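Observations on the three-dimensional arrangement
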Amino acid sequence: MSVLVTGGAGYIGSHVVRLLHERSDSVLVVDDMSSGVRERIGSSAFLQLELSAPDAKQKLTQAIQEHGVTSVIHLAAQKQVGVSVQQPELYYEQNIGGMTNLLSAMRESGVDRLVFSSSAATYGMPDVDSVTEDQVCNPINPYGETKLIGEWMSANASRAWGLRAANLRYFNVAGAGWPELADTAVMNLVPIVFAALKAGKSPVVFGDDYPTPDGSCIRDYVHVHDLAEAHISALDYLERDERKYSTFNVGTGSGSSVFEVLAEIKRASGIDFEIDIQGRRAGDPPSLCANVSRIESEFGWKAKRGLAEIVDSAWAAIS
Ligand code: WQD
């Protein structure tokens, strides 16, 4: 199998690339290197390209044909919720424009297998704690909107020309499958807390007055290694003639509160740090966990690593 991985030099993408190499799949990485790290992709063929660039469709088509690509895993996207609110045009241009060029290049090249990196942000603030894929999606920021639109685009391509698509709705990804592939961006809870500790500051908790057992928000933290394995399972699913669904939650099915994450970080780091409790952050649902029965039954995939291993692996990577 020859697989194109867009965003393959990124945190999640590089874990997917590593697993593909372990299966001895041929890999082509396309990445604009705005946040990617070239050393992460090993022996993969590489094309530096911003997918929404004017010449991107032609360059993608050429690269797909030159490398005999048979499947695509599409991770390249802007993914900062806050930035998407401030700069929606950038998110529509890159996330939707990039997807448009990619689908066009795939159609022109006869490549009909796509694993699409979607997100739990498509749900917005659902009023249920355990979310199934049938939950009505009401994204509350442009980032989440672009992910839902991406799912619509893959569905329309399936109807129009037979694209086989698997949309993976990531919940909260953290940890490191290999130390050298750790998350170097400081955009989510675990790396943000690590950065605060390294700077000698107290980590911040946005709100301890939520209707949850300890008052802090609950999320479904999934190990990036488990998430990467879900992408490989999705590729295998797309090879089947009978495919009942196209959208899958990727999480553990159980939640952890912010205070529970901090307690794990205290254990892993050995630092009994103070906590700075501040007010709630806009747009935070009190609890958001994946119902994972569909991916477990259709893929036979189940997360193998829990919160302790997530935090241990992330801390070990920076120690
Ligand atoms: C987690 C919890 C914060 C930082 C985002 C994206 C989502 C998906 C996962 C890509 C929240 C709290 C955080 C801090 C805190 N990404 N927190 N102090 O917002 O659940 O989801 O990442 O698909 O699309 O929206 O993740 O890590 O920002 O926050 O108390 O310094 O930690 O309030 O409850 P989030 P997060």
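That block above? That's the structure.
Scope of this entry: the structure provided in the associated data block. A quick note: this is a predicted structure, and the numbers were derived from the prediction, not measured. Counting from 1, residues in each chain are numbered in the order their sequence is written. pLDDT decides what is reported in this predicted model: residues at 70 or higher carry local features, side-chain atom pairs at 80 or more are listed and counted, and totals for whole chains, interfaces and linings draw on all residues regardless. Derived side-chain values reflect all non-hydrogen atoms in the structure, with water molecules and hydrogen atoms excluded from consideration.

So, the nonpolar core
For clarity, the cut-off: Residues grouped as a nonpolar core are buried Ala, Val, Leu, Ile, Met, Phe, Trp, Tyr and Cys residues, joined through side-chain atoms within 4.5 Å. When a residue's accessible area, from a 1.4 Å probe over protein chains only, is under 20% of the maximum for its type it is buried; when over 50% it is exposed; and in between it is partly exposed. The helix count covers DSSP runs of H or I at least four residues long, the strand count covers runs of E at least two residues long, and both are numbered beginning at the N terminus. Domain ranges listed in this record stem from an automatic or a database domain assignment.
Core analysis: the largest hydrophobic core is formed by 46 residues, its most contacted members being Leu20 and Ile73. Taken together, the elements giving at least two residues each to this core come down to β1 (2–6), α1 (11–22), β2 (26–31), β7 (164–170), α7 (224–238), β12 (247–250), β15 (287–290) and α9 (293–299). The dominant element in this core, judged by the number of residues it contributes, is α7, at nine residues. Both domains that meet at this core, namely domain 1 (2–173 + 221–250) and domain 2 (175–220 + 252–318), each give it at least three residues. Ala63, Met99, Leu102 and Met106 belong to the second-largest nonpolar core, a separate cluster that totals 25 residues.

Examining the sheet that holds strand β13 (residues 256–257)
We apply this condition: By definition, two strands form a pair when at least two bridges between them are found by DSSP.
The four strands lie next to each other as β6-β15-β10-β13, forming an open sheet whose pairing is mixed. The outermost strands of the open sheet, each flanked by one partner alone, are β6 (130–131) and β13. Looking at chain direction, strand β10 (residues 218–219) and β13 are connected through two bridges and run antiparallel. Bridging from a neighbouring strand, Arg219 pairs with Ser256 of β13.

A look at the sheet that holds strand β4 (residues 71–74)
Which entries qualify depends on this criterion: The axes are straight lines fitted to the C-alpha atoms, using for helices just the contacting stretch, and the angles between their N-to-C directions are given from 0 to 180°.
The strand order across the open sheet formed by seven strands is β3-β2-β1-β4-β5-β7-β12, and the pairing between neighbours is parallel. Of all the strands in the sheet, just β3 (45–48) and β12 have a single pairing partner and so form its edges. In this sheet, adjacent strand axes meet at a mean angle of 20 degrees when their direction is disregarded.

Remarks on the environment of Ile192
Cut-off, in case you're wondering: Any two residues whose heavy atoms approach within 4.5 Å at even a single point are treated as in contact.
Its place among the elements puts Ile192 in helix α6 (residues 189–198). Ignoring any residue separated from it by four or fewer positions in sequence, one finds Ile192 in contact with Val186 and Met187.

Let's talk about unusual backbone geometry
Of note, Ser24 is a non-glycine position whose phi angle comes to about 60 degrees, a positive value. On the secondary structure map, Ser24 appears in the loop between α1 and β2. On the accessibility criterion, Ser24 (63% relative accessible area) is exposed. For Met33, which is not a glycine, the phi torsion comes out positive at approximately 65 degrees. Within the element layout of this structure, Met33 appears in the loop between β2 and β3.

Notes on the packing of helix α8 (residues 258–269) against helix α10 (residues 307–318)
Spelled out, the test is: Orientation is classified from the angle alone, with under 35 degrees giving roughly parallel, over 145 giving roughly antiparallel, 65 to 115 giving roughly perpendicular, and any other angle giving oblique. In a left-handed crossing the near helix is turned counterclockwise from the far helix by less than a right angle, and in a right-handed crossing that turn is clockwise. Ten residue types, Ala, Val, Leu, Ile, Met, Phe, Trp, Tyr, Cys and Pro, are classed as nonpolar, four, Asp, Glu, Lys and Arg, as charged, and the remainder, Gly among them, as polar.
Put simply, α8 and α10 touch, their axes get as near as 9 Å, and they point 50 degrees apart. What the angle tells us is that α8 and α10 run oblique. Handedness of the crossing formed by α8 with α10: right-handed. Taken together, the residues of α10 that come into contact with α8 (itself represented by Glu260, Val261, Glu264, Ile265, Arg267, Ala268 and Ser269) are Leu307, Ala308, Val311, Asp312 and Trp315. Among the residues making up the contact of α8 with α10, the classes are represented as seven nonpolar, one polar and four charged.

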